[in-house]
Amino acid sequence: MQDMERSNYYIELQMYCRGRYMTIASFDRSSCEKIVHELFDELRGDPQASDLRLLRINLLLNDNENSKTQLRSIHCTLDELAENTKIIIKKTFRSVNFD
């Protein structure tokens, strides 16, 4: 059995609570930068935070020293988060099963 390389990219879901963002889920994504950014481009939301958008999705890069760098961020409503989660899971399922 071949060793699979761990991805360097993560998608992290956060919610704003008590004055700070808490991570509520994390998806390990393909190490292909182009595919990860294309996926992030499909997500619904707004780059700017607002009182209506208390949920945030971050695209993170995990470098060699295990420190995470936030590359992109999008703020969304609960409905947008539900749609975004479907998009992420569909893309992940396809990449795992059809690549």
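Refer to the structure presented above.
I will try to describe carefully the structure that is included in this document. Just so we're clear, the structure is a prediction, and the values are computed from it rather than from any experiment. (Residues numbered from 1 in each chain as written. Predicted model: local features only at pLDDT ≥ 70, side-chain atom pairs only at ≥ 80, totals over all residues. Heavy atoms only, no water.)

On to the overall build of the protein, then. Each helix and strand counted, the protein has 2 helices and 4 strands in total. Each helix and strand of the protein, ordered N terminal to C terminal, gives the series β-β-α-β-β-α. Buried positions account for 29% of the 99 residues belonging to the protein. Long-range pairs, those at least 24 residues apart, make up 52% of the contacts in the protein with a sequence separation of at least 6. (Helix = DSSP H or I, 4+ residues; strand = E, 2+ residues; numbered from the N terminus. Buried < 20%, exposed > 50% of the residue type's maximum accessible area, 1.4 Å probe, protein only. Contact = heavy atoms within 4.5 Å.)

The final tally for this structure, using the stated rule, is 5 salt bridges. Between Glu-42 and Lys-91 there is a salt bridge whose closest N-O contact spans 3.0 Å. In this pair, Glu-42 sits in helix H1 (residues 33-42) while Lys-91 sits in helix H2 (residues 78-98), placing the two residues 49 residues apart along the sequence. Measuring nitrogen to oxygen at the nearest pair gives 2.8 Å for the salt bridge that ties Glu-80 to Arg-53. Of this pair, Glu-80 sits in helix H2 while Arg-53 sits in the loop between H1 and strand S3 (55-62), and the two are 27 residues apart along the sequence. (Salt bridge = Lys/Arg side-chain N within 4 Å of Asp/Glu carboxyl O.)

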